Amino acid sequence: MNRYESTSAWRDVDDYFIEALVSEDEALVAARESGATTTMPNAEVAANHGALLGLLVQIAGAKRVLEFGTLAGYSTIWFARAVGDDGNVITLELEEQNAAIARENIARAEVQDRVEVRVGPAADSARELIDSGAPPFDLVFIDADKPSNPRYLEAALELTRSGAIIVIDNVVRDGAVVQPDTNDARVHGVREVVDDISRNPGLEATALQTVGLKGWDGLIIARRK
Ligand code: SAM
């Protein structure tokens, strides 16, 4: 059985666990469904992954979250709810169209008081945060254009302190991460960021493969020592 043949089983299992364990209210459902109207349809994390992100925030006691790649604000809402009303989330998005959709979703979820959507190339927005001396973030989620992963990790290291968590999404890409002859810049962005993490003695990290509603993919979870 290859990975494509098992896709419907993966979906069934995700559906089972999401129905049993993950509480999505109307605002989260609306945000997820509105992903279809963005410039990158259906690229939001699955509900069980959103819940994982929220749990990571709470396990780490994170109060300040920085997100690279907002889309319709689905993961942003998970973060905003997890940081609580005394926390805050800054999320960076290239496309004004997506940012507008995200702001609507964030308002519907009633977390607009703690979320800022910054529009523009995320590398520039992150540079502005660094230059303005932004207080350190406790958790950074890297989920924008994959070729820029190494730059985003570099920025995340400037914007966090010891103990911070850095999560990088979509690092498996149907197994392409280990296919030798690929010209896919997104895969190269993953491999370069893996190399950067492995060479950085200030980081401890692991990567997990995932299967489910979003196919075969995975994420890196790193922690600053
Ligand atoms: N984190 C979102 C979620 O799970 O709900 C999904 C983000 S989607 C995978 C990637 C997003 O990154 C898209 O909205 C895309 O427009 C945005 N993006 C792409 N290139 C970017 C860049 N250079 N700077 C900022 N955002 C970018």
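Structure: above.
Quick notes on the rules
Residues numbered from 1 in each chain as written. Predicted model: local features only at pLDDT ≥ 70, side-chain atom pairs only at ≥ 80, totals over all residues. Heavy atoms only, no water. Pairing = 2+ DSSP bridges. Helix = DSSP H or I, 4+ residues; strand = E, 2+ residues; numbered from the N terminus. Right-handed = clockwise from strand over helix to strand, strands pointing away. Axes fitted to C-alpha atoms, helices over the stretch in contact; angles between N-to-C directions. Parallel < 35°, antiparallel > 145°, perpendicular 65-115°, else oblique. Left-handed = near helix turned anticlockwise from the far one by under 90°. Contact = heavy atoms within 4.5 Å. Expected span 1.5 Å × (residues − 1). Buried < 20%, exposed > 50% of the residue type's maximum accessible area, 1.4 Å probe, protein only. Arc of directions from axis to C-beta. Polar contact = N/O pair within 3.5 Å; in protein donor to acceptor, adjacent residues only side chain to side chain. Phe/Tyr/Trp six-rings, centres within 6.5 Å; stacked < 30°, edge-to-face > 60°. Lys NZ or Arg CZ within 6 Å of the ring centre and 35° of its normal. Near = heavy atom within 4 Å. Areas by Shrake-Rupley, 256 points an atom, 1.4 Å probe, with all protein chains shown as cover. 1 Å grid on protein atoms, 1.4 Å probe; cavity = no way out; pocket = protein on both sides within 12 Å on 5 of 7 lines; lining within 4 Å. Sits in = over half its atoms within 2 Å of the grid points. Nonpolar A, V, L, I, M, F, W, Y, C, P; charged D, E, K, R; others polar.

### Some details on the pairing of strand E3 (residues 115-119)
Line of reasoning, step 1. For strand E2 (residues 88-93) and E3, the ladder comprises five bridges, and the chain directions are parallel. Among the inter-strand pairings, Leu-92 is bridged to a residue of E3, identified as Arg-118.
Line of reasoning, step 2. You can see the chain leave E2, run along helix H5 (residues 96-108) and come back into E3, and the turn it takes is right-handed.

### A look at the packing of helix H3 (residues 47-60) against helix H4 (residues 74-83)
Line of reasoning, step 1. Where H3 contacts H4, the two axes come as close as 8 Å, and the packing angle between them is 30°. By the angle between their axes, H3 is roughly parallel relative to H4. The handedness of the crossing between H3 and H4 is right-handed. Together, Ala-47, Gly-50, Ala-51, Leu-53, Gly-54, Val-57 and Gln-58 of H3 and Tyr-74, Ser-75, Trp-78, Phe-79, Ala-82 and Val-83 of H4 make up the contact between the two elements.

### Thoughts on H5
Line of reasoning, step 1. Here H5 spans 18 Å end to end across 13 residues, near enough to the 18 Å set by a 1.5 Å rise per residue.
Line of reasoning, step 2. Looking at H5, one finds that the buried residues are Asn-98, Ala-99, Ile-101, Ala-102, Asn-105 and Ile-106. In an axial view of H5, the angular spread of the buried residues amounts to 165°, which keeps them on one side of the axis.
Line of reasoning, step 3. Its buried side turned inward, H5 meets helix H2 (26-34), H4, E2 and E3.

### Some words on the side chain of Asn-105
Line of reasoning, step 1. Residue position: Asn-105 is located in helix H5.
Line of reasoning, step 2. You can call Asn-105 buried: its relative accessible area is 2%.
Line of reasoning, step 3. In this structure the side chain of Asn-105 is engaged in a polar contact, spanning 2.8 Å, whose partner is the backbone oxygen of Ala-72.

### Brief notes about helix H8 (residues 185-199)
Line of reasoning, step 1. Look at H8: 21 Å from first C-alpha to last across 15 residues, which is about the 21 Å you get at 1.5 Å a residue.
Line of reasoning, step 2. Of all the positions in H8, only Val-187, Gly-189, Val-190, Val-193 and Ile-197 are classed as buried. One side of H8 carries all its buried residues, which in axial view fall inside an arc of 155°. Away from the buried face of H8 by more than 90 degrees, exposed residues Ser-198 and Arg-199 are located.
Line of reasoning, step 3. Where H8 is buried, its residues touch helix H7 (149-158), strand E5 (160-169), strand E6 (203-212) and strand E7 (215-224).

### Examining the packing of aromatic side chains
Each pair of aromatic rings is reported with the distance of its centres and the angle of its planes.
Line of reasoning, step 1. Considering all chains together, one arrives at four aromatic pairs under this definition.
Line of reasoning, step 2. Here Arg-64 stacks its cationic end above the ring of Phe-137, 4.2 Å away from the centre of that ring.

### Some points on the site of the ligand
Line of reasoning, step 1. Around the ligand, a shell composed of 23 residues is seen, among which Gly-69, Ser-75, Glu-93, Ala-122 and Asp-143 lie nearest.
Line of reasoning, step 2. Contacts to the ligand include Gly-69, whose backbone N or O atom sits 2.8 Å from a nitrogen atom.
Line of reasoning, step 3. One of the side-chain nitrogen or oxygen atoms of Glu-93 is found 2.6 Å away from an oxygen atom of the ligand.
Line of reasoning, step 4. For the ligand, the accessible surface in isolation is 600 Å², of which the surrounding protein chains cover 94%.
Line of reasoning, step 5. The cavity that encloses the ligand is the largest pocket.
Line of reasoning, step 6. Elements with a minimum of two residues in the shell around the ligand: H4 and E2.
Line of reasoning, step 7. When the residues that make up the shell around the ligand are grouped by side-chain class, the tally is twelve nonpolar, five polar and six charged.

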